[in-house]
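Take a look at the letters that make up each chain.
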Amino acid sequence: MHGKAKVNTTLEEKEKKKKERDLKMKAYRLSMNKIFHKRKNGEYDEEAMELISDVLVSNPDIYTLWNIRKEILLTFKDKSHDDLACILSNEMHLTEICLRENPKSYAAWYHRLWLLDNMPYPDLEKELFLCTKYLKLDERNFHCWDYRRAVVARLQVAPSEELDYTTVKIEENFSNYSSWHYRSKLLPSVFPDPSGLRPVDEPSHLKELELVQAACFTDPSDSSSWFYLRWLLGRPTTNLGAVQAFLTNGKIVCVFSRCVCLPQPWIPYEKSRIIWTRPLHDEESEDEISFTIEYGQGLVENITIDRGKVWSVRPAFDPTVSPALMSVLCSTLDSSNQLLDLEPESKWTLLTSIVLMQAIDKKLYKSKILERLDLLIKYDQCRKNYYNDIRSKFIMEEALEELDMASEEVILSRLSLTSLHHTHYLAFASVIDLSNNNLKRSLQLLSVLINCKELILDANALETLEGFPALPSLKKLSLCGNNLASSETIIPFLKNNRMLQELNLEGNKLSPSQVESIKKELGLCEK
Amino acid sequence: MSDDLPSTYDVIILGTGMVESIVAAAVARTGKKVLHLDPNTYYGQLWATLSLDSFELWAKTGTSNTKTLKGEDSFKSLSDKALKYYETQDERDCISDLTFNWNIVEDIPESEEEPKEENASGNEYSIKKIRDVSRKFNIDLAPKLLFAKGPMVEILIKSQVSKYVEFLNVNNILIYIDDAIERVPCSKSDVFSSKSVNVVDKRLLMKVLTSIQSYTEESPFFQEYENKTFLDYLKANLPEKFANFILYSIAAGDQNTPCLEGVQKAKKFLSCLGYYGNSPFLWPLYGSSELLQGFCRQCAVFSGIYCLNREVEAIAVEGDKYYGCASNGILLQSEHLVVSNSLLPQQFRGTGPSVKRAVLITDKSIFPEGKEGVSLLQYPTDDSAATILELSGNTCSVPKGLFIVQIVGNCLEEAIKNLFSEGGDDSKPKILYSLRFTLHQMECTGKLPENIHACPGPDFATDFDAEIRKAEEIFKKICPEEEFFAPLPPEPEPPSDEPDSPEEATNDA
């Protein structure tokens, strides 16, 4: 009562709670044993159903029990239509009770969906109505959004109706990944882009950008809208095409802009399907080879390689943008810059402005892009590696676009690279200098250096060679001035480089005797 | 009839205004014996909600104070004690400059087959037609809104009086600015979806709204504006239009509102969003008087005695203590007297501030693109402001198709002129009926005996903060040991004739 001090309730309560829990536990164990026993004996009856539902009501996540239920339900197939309808509607009700206990129970949601597919006449309209009601109470329960999509697919609701629904939900509360995501799935089917360059047709694209920008400005720290904006602006995939072709060791090597499938006799190099090789035919001469490649959907390429030279296409990482889209990008950049004046530390705005500047004119904005990447690293230390990798990609793309593709020697040193990108453009090069960068990882990406004879990785931050690929032509590898400290971080990864003759390990944390033994083990004796 | 009333009580309450009714319920809950009287035939005095007929009658009786004083001597026979009698006054003194008129024809001769239809369009209304549905009107004399997290909502929940009343959200928060009515974006979702706010302004607006929301005494944001006005702060951070949105609509302030006061008022508004939908305000269905009647009902549940249409002619005082009330030829005695300021004897009553009010019946909403229901429009002018509340059919205060408009503020004539038409201009809502008056607040000026507790009538604020505070203050004087609306002990289970179900019985064993 009012005015009376509470006494000893905590201890009493604790004791009481423990007792309650013990009782619950006992009941639970008993029921589970009974259920498994019945299943073993094939007693698929009402009693089993009841035992299971009693447990599920308080523990809706035991999917084993839901599965046993499904087994039992399937044995009810012979029951009269009315009986079955009644059983299944009770079953729907059970999932409802369980979802009240745990609205995010995967098993209960799945069981409900399974019922829809196993009911003679499921009331899908009602399910859709329930979803709408449910999402009114909790608009961010992605289980319910998933279920809604499943119901919508079965009902064949027009995507445009669902699109309107997501608009309403976003207007109520735009901090909602599920709703934006659903939108990104619906839009392309409601307003497909005939040009294939954008995710949706141009008028809708502009409208969506306006909508999502409103959200970004209203709350720049809410990530859901920025992700959606990124999806809208997202670079369309690079055009598929051959980018390099050359001869090496009696084989034709052909490099593509991205993964592709070629028919025999082409063989993919390594596992990546980005580089393909085929042996020369008997009648082909190494002086001048002309061949035709056909790859999917009627794409055909005629390529001629002169002796000792490389056939190549200048890399282009940024697709052309229509004037209309360009003006949207520019105005989005304008507003982002205005937003940055107001919120100079807003990381999503910084990041998006970088994406925009890259899409608009990365040469013009180069210093601004790098400056803002520095700001991001400063304001968002937790993700500094991520931003560094973005910078590396940006710098590498620029360097590759400048590169003379016919040159056998490629120098990518002193670029502060922390990661490697688009390395397949280096397939023809025989000398590759990556010295004086900050490489620590992503050595796997070197695997496409099919022609590389000399690789210089001096003055990077390597602590291990983990991921270093077996390069068929590599003779000389220089690893001076890294942080390699033991033979275990080196030997296992170089063993398969059978052509390797020279290894320079100076300036690592290795003693001369360690260096000696490493070389010995790799079969590289000083000449 | 008078003789049916018992003659002694713990507390006699005179007047059924808001404060009096809250005190009645609070006191009765503690077990005190309460008698609650009102000279009118309806609840609420100047807080009343009236049907159209009663409202017209109320208007007709106008400002005429019908009270004739009888002289102290006429009460001497009521008691042997040496009592001094103070004669009570008429609440009508609170009203002045009352005018009203109908702006439509008396009657339309009924056409041959056309049956009566409530939803007749605009110019087909006649006085008769509207009077025929008089009972569908619930017109407030003192309409007030409830902040979703305000003290009234808190007390309604605590007292459980809430179960007697139903509410609607105030759906449209509007402002009249640059000769047009605009919706005020208050919440994050409003700012996001408002088409009239460009993206940069969205950010500026959100920034100001969030810094106001996160304001605490220690927050440094506003320190440089300590001696400046709220408008100074807003203008420094927002385009003028949005500065006005926040100043007039969200903070309900004016050009002179000091910064900190404005911040606190705006913060209160913003912190009320999201509890009962995307609006900070609630409005009681059937009108404000539902609230005070709810409290009266609770008082009655706790054995309070109610007697409307019953006057107390004089208050009897013995020495420096209140003794009882002379009513209808008998003396009703109590420990305490709670009395409305408006009824106080002239020795104790003075006239306080006043404000102009108007009530209109119109045929169209001021903001047809808004949601149906309750709209709150702030109408700021250079030197004053008017607050306009519009109720549509779903508030149960007016028949469907018509609107009740309540206007408070000294510039109301200008607002009426710009927002409504008296006929002719079809783009604006047409005024079918209008009533204007000046409402004076009565104050207690003299020194009352300490067991008399005077209650203020309606003030001009939005919510009931002052009323709740005053009611609690009075309650504490009458019941110093008790908590204001202490939770009730759980009701004893109704005795059941049937034994418990066998299952439960075994569990208990």
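Residues numbered from 1 in each chain as written. Chains lettered and ligands numbered in written order. Predicted model: local features only at pLDDT ≥ 70, side-chain atom pairs only at ≥ 80, totals over all residues. Heavy atoms only, no water.

**Some thoughts on the interface of chain A and chain B**
What counts is decided by this rule: Only heavy atoms enter the contact rule, under which two residues are in contact if any of them lie within 4.5 Å. Computed with a 1.4 Å rolling probe, the buried area is the accessible surface lost when two parts are put together, summed over both parts. Here a salt bridge means any side-chain nitrogen of Lys or Arg lying within 4 Å of a carboxyl oxygen belonging to Asp or Glu. Under this definition, polar contacts are N or O atom pairs within 3.5 Å; protein pairs additionally need one hydrogen-donor-capable and one acceptor-capable atom, and for neighbouring residues in sequence, both atoms have to be side-chain atoms.
If you look at the interface, chain A gives 18 residues, while chain B gives 14 residues. For the pair chain A and chain B, the summed buried surface comes to about 1500 Å²; carbon and sulfur atoms form 68% of the total. For the salt bridge of B:Lys207 with A:Glu343, the shortest nitrogen-to-oxygen distance reads 3.4 Å. In this structure, the connection of chain A to chain B is made through six residue pairs in polar contact (both at pLDDT 80 or more).

**Thoughts on the packing of aromatic side chains**
To keep it simple, the criterion reads: Only the six-membered ring of Trp is used, alongside the rings of Phe and Tyr, when aromatic pairs are assigned; centres must lie within 6.5 Å, and planes under 30 degrees apart are stacked while those over 60 apart are edge-to-face, with the rest tilted. Runs of H or I in DSSP of at least four residues are treated as helices and runs of E of at least two as strands, each being numbered from the N terminus. Throughout, exposure labels follow a simple rule: accessible area from a 1.4 Å probe, protein chains only, divided by the maximum for the residue type, with under 20% read as buried, over 50% as exposed, and the rest as partly exposed.
This structure, assessed with the given rule, holds 31 aromatic pairs over all chains. Judged by centre distance (4.7 Å) and plane angle (50°), the ring pair of A:Phe174 and B:Phe192 falls under tilted. Here A:Phe174 is found in the loop between helix 8 (159–172) and helix 9 (177–190), whereas its partner B:Phe192 is found in helix 5 (residues 188–193) on a different chain. Judged on exposure class, the residue A:Phe174 and its partner B:Phe192 are both buried. Ring centres of B:Phe475 and B:Phe484 lie 5.3 Å apart, and the angle between their planes is 50°; this geometry places the pair in the tilted category.

**Section: helix 5 (residues 106–118) of chain A**
Worth spelling out the cut-off: Helix span, expected: 1.5 Å multiplied by one less than the number of residues in the helix.
Here helix 5 of chain A contains 13 residues, and its C-alpha end-to-end distance of 18 Å stays within 8% of the 18 Å for a straight helix at 1.5 Å per residue. Check the buried side of helix 5 of chain A and you find it contacts helix 3 (63–75), helix 4 (81–101), helix 6 (124–137) and helix 7 (142–155) of chain A.

**Here's the deal with the pattern of salt bridges**
Enumeration over the complete set of coordinates arrives at 42 salt bridges over all chains. Note that B:Lys268 is salt-bridged to B:Asp465, the shortest N-O span being 2.5 Å. Taken as a pair, B:Lys268 in helix 9 (residues 259–271) and B:Asp465 in helix 12 (residues 465–478) lie far apart in primary sequence, 197 residues in all. Assessed through its relative accessible area of 23%, B:Asp465 is described here as partly exposed. One salt-bridge network, held together by shared partners, links A:Lys38, A:Glu43, A:Asp45 and A:Glu47.

**A short note on the domain arrangement of chain A**
All names here are of chain A. Counted only if it meets this: Here the bounds of each domain stem from an automatic or database domain assignment. Gly is placed with the polar residues, together with every amino acid not listed as nonpolar (Ala, Val, Leu, Ile, Met, Phe, Trp, Tyr, Cys and Pro) or charged (Asp, Glu, Lys and Arg).
Domain annotation of chain A identifies domain 1 (12–188), domain 2 (242–312), domain 3 (323–392) and domain 4 (403–521). When each unit is reduced to the centre of its C-alpha atoms, the spacing between domain 3 and domain 4 is 32 Å. Facing the four residues of domain 3 at the interface are six residues of domain 4. Summed over both sides, the interface of domain 3 with domain 4 buries roughly 420 Å², with 45% coming from carbon and sulfur. Summed over the shared surface of domain 3 and domain 4, the result is zero salt bridges. Tallied by class, residues from the side of domain 3 that touches domain 4 come to no nonpolar, two polar and two charged.

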